[in-house]
There are 4 protein chains.
Amino acid sequence: MDVVEFRPRPEQYAWTFGGAAPTHRIKPGTALRLWTEDAFSGRLQRTSDLPSQVLDMTEVNPQTGPFFVEGAEPGDTLAVHIAELTPARDWAASSTIPFFGALTGTDRTALLQQPLPEQTWIYQLDRAAGTVLFEAQRSTLRLELPLAPMLGTIGVAPAGREVRTSLVPDKFGGNMDTPEMRAGTTCYLGVNVEGALFSVGDGHYRQGEGESCGTAVEGAMDVTLVVDLIKGGAPEWPRLEHDEDYCVVGSSRPLEDAWRASQVGMVGWLGELYGLDPLDAYQLLTQISRSPLANVVDTNYSAVTRVEKALLPAADAYEGVHRRLSELARTI
Amino acid sequence: MDVVEFRPRPEQYAWTFGGAAPTHRIKPGTALRLWTEDAFSGRLQRTSDLPSQVLDMTEVNPQTGPFFVEGAEPGDTLAVHIAELTPARDWAASSTIPFFGALTGTDRTALLQQPLPEQTWIYQLDRAAGTVLFEAQRSTLRLELPLAPMLGTIGVAPAGREVRTSLVPDKFGGNMDTPEMRAGTTCYLGVNVEGALFSVGDGHYRQGEGESCGTAVEGAMDVTLVVDLIKGGAPEWPRLEHDEDYCVVGSSRPLEDAWRASQVGMVGWLGELYGLDPLDAYQLLTQISRSPLANVVDTNYSAVTRVEKALLPAADAYEGVHRRLSELARTI
Amino acid sequence: MDVVEFRPRPEQYAWTFGGAAPTHRIKPGTALRLWTEDAFSGRLQRTSDLPSQVLDMTEVNPQTGPFFVEGAEPGDTLAVHIAELTPARDWAASSTIPFFGALTGTDRTALLQQPLPEQTWIYQLDRAAGTVLFEAQRSTLRLELPLAPMLGTIGVAPAGREVRTSLVPDKFGGNMDTPEMRAGTTCYLGVNVEGALFSVGDGHYRQGEGESCGTAVEGAMDVTLVVDLIKGGAPEWPRLEHDEDYCVVGSSRPLEDAWRASQVGMVGWLGELYGLDPLDAYQLLTQISRSPLANVVDTNYSAVTRVEKALLPAADAYEGVHRRLSELARTI
Amino acid sequence: MDVVEFRPRPEQYAWTFGGAAPTHRIKPGTALRLWTEDAFSGRLQRTSDLPSQVLDMTEVNPQTGPFFVEGAEPGDTLAVHIAELTPARDWAASSTIPFFGALTGTDRTALLQQPLPEQTWIYQLDRAAGTVLFEAQRSTLRLELPLAPMLGTIGVAPAGREVRTSLVPDKFGGNMDTPEMRAGTTCYLGVNVEGALFSVGDGHYRQGEGESCGTAVEGAMDVTLVVDLIKGGAPEWPRLEHDEDYCVVGSSRPLEDAWRASQVGMVGWLGELYGLDPLDAYQLLTQISRSPLANVVDTNYSAVTRVEKALLPAADAYEGVHRRLSELARTI
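Overview of the structure.

Definitions and limits used
Residues numbered from 1 in each chain as written. Chains lettered and ligands numbered in written order. Predicted model: local features only at pLDDT ≥ 70, side-chain atom pairs only at ≥ 80, totals over all residues. Heavy atoms only, no water. Helix = DSSP H or I, 4+ residues; strand = E, 2+ residues; numbered from the N terminus. Rg over C-alpha atoms; globule rule 2.2 N^0.38 Å. Buried < 20%, exposed > 50% of the residue type's maximum accessible area, 1.4 Å probe, protein only. Contact = heavy atoms within 4.5 Å. Least-squares fit on C-alpha atoms with pLDDT ≥ 70 in both. Polar contact = N/O pair within 3.5 Å; in protein donor to acceptor, adjacent residues only side chain to side chain. Pairing = 2+ DSSP bridges. Buried area = accessible area lost by both parts, 1.4 Å probe. Salt bridge = Lys/Arg side-chain N within 4 Å of Asp/Glu carboxyl O. Nonpolar A, V, L, I, M, F, W, Y, C, P; charged D, E, K, R; others polar.

Examining the overall build of chain A
Turning to step 1, where the next piece is worked out: Looking only at helices and strands, one finds 4 helices and 21 strands in chain A.
Turning to step 2, where the next piece is worked out: Relative to a compact globule of 332 residues, whose C-alpha radius of gyration would be 20 Å, chain A shows 19 Å and is just as compact.
Turning to step 3, where the next piece is worked out: Overall, chain A is about 55 × 45 × 45 Å in size when its C-alpha atoms are taken along their principal axes.
Turning to step 4, where the next piece is worked out: Each of the 332 residues in chain A was classed as buried or not, and the buried ones make up 68%.
Turning to step 5, where the next piece is worked out: Pairs at least 24 residues apart make up 77% of the contacts formed inside chain A by residues separated by at least 6 positions.

Pasting the structure below:
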């Protein structure tokens, strides 16, 4: 197995999906050992660092990549398996940002109220315990929370000649910010341009569903991926597979539309897996769907439909790619 | 402990929250052994029964109650603990209903497309195995699914002199349709009128998050409750407590607003429990929230914010009512 | 023509649609000379009166009525023609109310920001000039604005046994807050209960489309109506007719759903008037619709679809009721 | 005055905002005589032409431009005055497109219903009468409708390194589809990149507010513009000025957010023009706003806030640019 290692220098970061020249060309079957900078570009380091003072909003959510996958053509399906996610620093940061987040007016939910106060929280990592430490800044609680590393952002170049900021999720993936994107996940993305041009970033040491204040426990991440290519079969919306379940991620506004997209996506996937008529799939999904929100803060919101494999007959999605990549991942 | 048993006759059903005369007056601390008819009023019995032919849409979602709780005054908090939920029949029904459901145009998401086909699914119960049987009607899958009984509807009389159909969820509770409403749940509802006037109904033998097609595995239910009253402290939105977690349920449209209500409700609850400043609670919630959808089909959508007690310091919500009611429940 | 005059005393106000005993029984063809109190129940009288201090939120938006219309049965269409609207006072009030309005977080768009400041504006009327005077409170502009009297609220008792606050608009009409509801308007409402039980209130001396801050130029109003009954033909959503145009008002959330309801309603009305196939009506409406918003502040938002008669062939909606009532109105 | 004439060949069309090389460099003060192809790229020519058969969805909504405006820098304000819009053909087309439009499920309002039928309407122009002829295809109405030419699309290169399809409206303008964009309009757009890189397209011979079915009376257009540059002052959302009024266009989802953006934008503009405190501007706007919808069909919906100059004191927005460009326009 080819293994590519890459730790981008700041001038090598990508800030968009599409529109950035590939840093590498890789063959399907390649493993990638990557480093990703945090979504603040590493600029939020202590609780006295306020976003409005230290951030450059044109340089947030840096991506590692993009990678040109040889043979990938529009209509194909890129399979990216997350073999391992390891915090690359011993601390991480989170912050309220003026007019950004779910529980504040924003540039789009445009209101006349004053912004919430800017506040930064720094989380110290305890690798032995597998925890990060929440320390209240305006009251007194200290709380060790379990590490639960995930990637906020993974995506390919968009369709329709578009170039999209790394801050937005859509059909091409992008900044979906779902805790389902963890080690052990295989992410299936429809290819829109030759070479797929995928990139990753936005490591979170943990995140709740919805990412309420807009920023998770944001930290640099060591990321190990195995990449494969499936000819044809491009899903309209990103699909995820774990050992335990299938997920579809929809991203739009209002939130019900993001969720509807994920539901219709899952009706389709259940149809592919089990030959189910759409109405039967709709009925079955009604009784078994898990519907954990991903983010309610980005320009598109993201919602997940998840179904447990244990409830379903055995099946081999994409001819068992997930199982094969999981096995490969153990050999890196 | 007083124990009241009640199996309403059809003419005793309530169809609204508010506006119905109480069937019983009970003291705080009373246990209730109730029977609830299914949301179809028992009229959907075989796969050939189509909603447009057999349902009377003015008689759907019958409620058992309301119960007048002595001493309950506006501003108080009603605590209803679900001790036990047992399917009262050996079958249950689900159905698509024209222009109702999440993946179809409706009377409010008003579109010009033809309705989806009407289709009814009947689920047979296997009590020994603890399962219900899904049988595809337009394709071939048969699947045993675990029983997971829950109550779709629990609520009190609304504020503002209103009388609301049992089909809608709102601040008064009502048709929230969340799988979190299961045996072991204590539901806290703000009291709006003297006596609280709460009722329950809409048993589901199981339901996915979102209740996509609009109807769960709908079945008559034997329901055992223990009821208590907390003076003052009325929450704006319904709160739930399990042994394992706290939940707040928001109900509105669009879906982001339902979820925002549940999030702000949880920011408030965390503040009450731990003396957390709202901004600290917002930050903590960002990293620990579970956000499972409840329903995306009713006139208001319902979304849940859930936090696990295991992540938090020990606390006694409402001075330990949940624990006390759980213990009482075991003695009935 | 029967003419009924009624100036309710405060204890006679209705606060809901449905659930209030009729103040009068009238025959179709009756004229009503009514007085309506303003939405603040007259409690906001000077700029130093702040809503949080002087309002009783359980007594806002008082209604005059309800009127029991003899012969009205569910499925019928009530036609209420507004013959005249005359400001009943020489001043009117508007105010920001904490967590209410379109450009602030609310109880449903639940956010963590501080409320906007409370501020009250008093408008003096110049009857000769036909204007009200806007006086900025925190800056210096003074501006005479043309009087444009309208009724914020007109509705019948709801379906489904419901009783709804006078603050909400829905299929039964209610607090639609559209400037289209002015002298010369015939409002068609589907009857849900015997007698229809309609009431009116919430006079505005003028209002912009959307009613941004949540309160218009609110003032007591002298209201002259002529009421008629059309057997059958109940529209799903309120319809309005002027000499110049037809309107349908949809009320829901999100705002696109309110508007979709009004559009589908107009597709239906154009079909009734001209025998148009729905797809042809959709196409025609695409090219001629006016879409002025009504309110984006109430529990349901209201949107209007309006089409100009001048663009269309001559037609007699409801067999010319509007023309007949307009003529009758001139004879009162 | 420099006058540039340009009729692009098909291989010169731009399909995006941003990402396309400029076809011309122009100085502020230049007049442009342009031709724009229709949104169907001219491929829908008779009622038997169905979108699914004749359209290439990667080549819809072609733009004429982009134009590099010398001296334009990020933060500046581009003023584009529409001097004249003349239909360039004697016919125009409109069509339903599967899963596109306001009254159907779409890729984002993802539902399981069958699509609406595809249907194409061709409108014949009567230049002498100033009308287009609507001919029902599935029923019998024929109706002459007044010509009301407008531009669906005008925009600059987006911020944040993005390249956006010409089908979407956002802060950079784009496919706003508002009937307010007619001859006599000055459109103010914030500049995001050096040279501004603006383009225009999507001529409509007329369109209702909301563009319900998704396509207006689409036709090739002769477009005369005068372009100017204002240093600084970039508005967050596009502003329009007519002789009679000021408008702000917001574009987002859900529709209330699009409208909120336009309202907050107008609160700001009123503040700039009259020194009004935001709360006073909010109050004034509440009483005078016109709120005509633009489109409820694109990936972002667009809503307009409009205020009539006749209601306001005299003012010179941007030091009278609109008046100056209007005068220049008469001299071309």
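Looking at the relation of the copies chain B and chain C
Turning to step 1, where the next piece is worked out: By a simple turn and slide, chain B fits onto chain C: the slide is 0.0 Å along the axis, the RMSD is 0.0 Å, and the turn is 180 degrees. Those values place the two copies in the arrangement expected of a two-fold rotation axis.

Considerations on the environment of Glu 37 of chain A
Residue and element names in this part refer to chain A.
Turning to step 1, where the next piece is worked out: Mapped onto the secondary structure, Glu 37 falls in the loop between strand 4 (31-36) and helix 1 (51-54).
Turning to step 2, where the next piece is worked out: Once the C-alpha coordinates of Glu 37 and Met 221 are considered, the two residues, 184 residues apart in sequence, prove to be 6.8 Å apart.
Turning to step 3, where the next piece is worked out: Residues contacting Glu 37, with those up to four places away along its chain left out, are Tyr 13, Gly 42, Pro 62, Arg 89, Asp 202 and Ala 220.
Turning to step 4, where the next piece is worked out: At 2.9 Å, the side chain of Glu 37 and the side chain of Arg 89 are in polar contact.

Some thoughts on unusual backbone geometry
Turning to step 1, where the next piece is worked out: The linkage connecting Gly 65 of chain C with the following residue, Pro 66 of chain C, adopts the cis geometry, with an omega of 5 degrees.
Turning to step 2, where the next piece is worked out: You can see Pro 66 of chain C is positioned in strand 5 (residues 63-69).
Turning to step 3, where the next piece is worked out: The omega torsion across Arg 253 of chain C and Pro 254 of chain C is -10 degrees, close enough to zero to call that bond cis.
Turning to step 4, where the next piece is worked out: Unusually for a residue other than glycine, Ala 196 of chain D sits at a positive phi of about 70 degrees.
Turning to step 5, where the next piece is worked out: Residue position: Ala 196 of chain D is located in strand 16 (residues 196-204).
Turning to step 6, where the next piece is worked out: Classification of Ala 196 of chain D as buried rests on a relative accessible area of 0%.
Turning to step 7, where the next piece is worked out: In this model, Glu 211 of chain D sits at a positive phi of 45 degrees, which is unusual for a non-glycine residue.
Turning to step 8, where the next piece is worked out: Topologically, Glu 211 of chain D is positioned in the loop between strand 16 and strand 17 (221-230).

Things to note about the pairing of strand 17 (residues 221-230) of chain A
Residue and element names in this part refer to chain A.
Turning to step 1, where the next piece is worked out: Counting buried positions along strand 17 yields 9 of 10 residues, so the element is predominantly enclosed.
Turning to step 2, where the next piece is worked out: Where strand 4 and strand 17 come together, 6 bridges link them in antiparallel fashion. Note on strand 17: the bridge partner recorded for Ala 31 is Val 226.

Points about the pairing of strand 11 (residues 150-155) of chain D
Residue and element names in this part refer to chain D.
Turning to step 1, where the next piece is worked out: In terms of burial, strand 11 is largely enclosed, as 6 of its 6 residues are buried.
Turning to step 2, where the next piece is worked out: In this sheet, strand 16 lies alongside strand 11 in antiparallel orientation, the contact comprising 5 bridges. Its bridge partner being in strand 16, Met 150 is matched across the sheet by His 204.
Turning to step 3, where the next piece is worked out: Examined bridge by bridge, strand 11 and strand 14 (residues 173-174) share 2 bridges and lie antiparallel to one another. Within strand 14, the residue paired with Gly 155 across the bridge is Gly 173.

With respect to the interface of chain C and chain D
Turning to step 1, where the next piece is worked out: At the interface, 63 residues of chain C touch 63 residues of chain D.
Turning to step 2, where the next piece is worked out: Across the chain C/chain D interface, buried area totals approximately 5300 Å², and carbon plus sulfur atoms make up 62% of it.
Turning to step 3, where the next piece is worked out: Broken down residue by residue, the surface that chain C buries against chain D is led by Leu 279, Tyr 282 and Gln 287 of chain C, which jointly contribute 14%.
Turning to step 4, where the next piece is worked out: Applying the counting criterion to the chain C and chain D interface returns 4 salt bridges.
Turning to step 5, where the next piece is worked out: Notably, a salt bridge pairs Arg 290 of chain C with Glu 209 of chain D, separated by 3.2 Å at the nearest N-O pair.
Turning to step 6, where the next piece is worked out: Put simply, chain C and chain D have 48 residue pairs in polar contact (both at pLDDT 80 or more) between them.
Turning to step 7, where the next piece is worked out: Residue assignment for the side of chain C that touches chain D shows that the elements contributing at least two residues are strand 7 (91-96), strand 8 (119-126), strand 10 (142-146), helix 2 (255-274) and helix 3 (278-288) of chain C.
Turning to step 8, where the next piece is worked out: Considering each element in turn, the side of chain C that touches chain D owes the most residues, 9 residues, to helix 3 of chain C.
Turning to step 9, where the next piece is worked out: Taken together, the residues of the side of chain C that touches chain D break down into 33 nonpolar, 21 polar and 9 charged.

Some points on the interface of chain B and chain C
Turning to step 1, where the next piece is worked out: Each side of the interface is counted separately: chain B has 33 residues, and chain C has 33 residues.
Turning to step 2, where the next piece is worked out: Across the interface of chain B and chain C, roughly 2600 Å² is buried in total on both sides, 51% from carbon and sulfur atoms.
Turning to step 3, where the next piece is worked out: For chain B, the biggest contributors to the area lost against chain C are Arg 108, Leu 112 and Arg 161 of chain B; these three give 27% of the whole.
Turning to step 4, where the next piece is worked out: Connecting chain B to chain C are 8 salt bridges.
Turning to step 5, where the next piece is worked out: Note that Asp 257 of chain C is salt-bridged to Arg 253 of chain B, the shortest N-O span being 3.9 Å.
Turning to step 6, where the next piece is worked out: Where the side of chain B that touches chain C is concerned, the elements lending two or more residues are strand 12 (164-165), strand 19 (245-252), helix 2 (255-274) and helix 3 (278-288) of chain B.
Turning to step 7, where the next piece is worked out: When grouped by side-chain class, the residues that make up the side of chain B that touches chain C number 13 nonpolar, 8 polar and 12 charged.

Interpretation note: all reported values are geometric properties and have no functional meaning in isolation.
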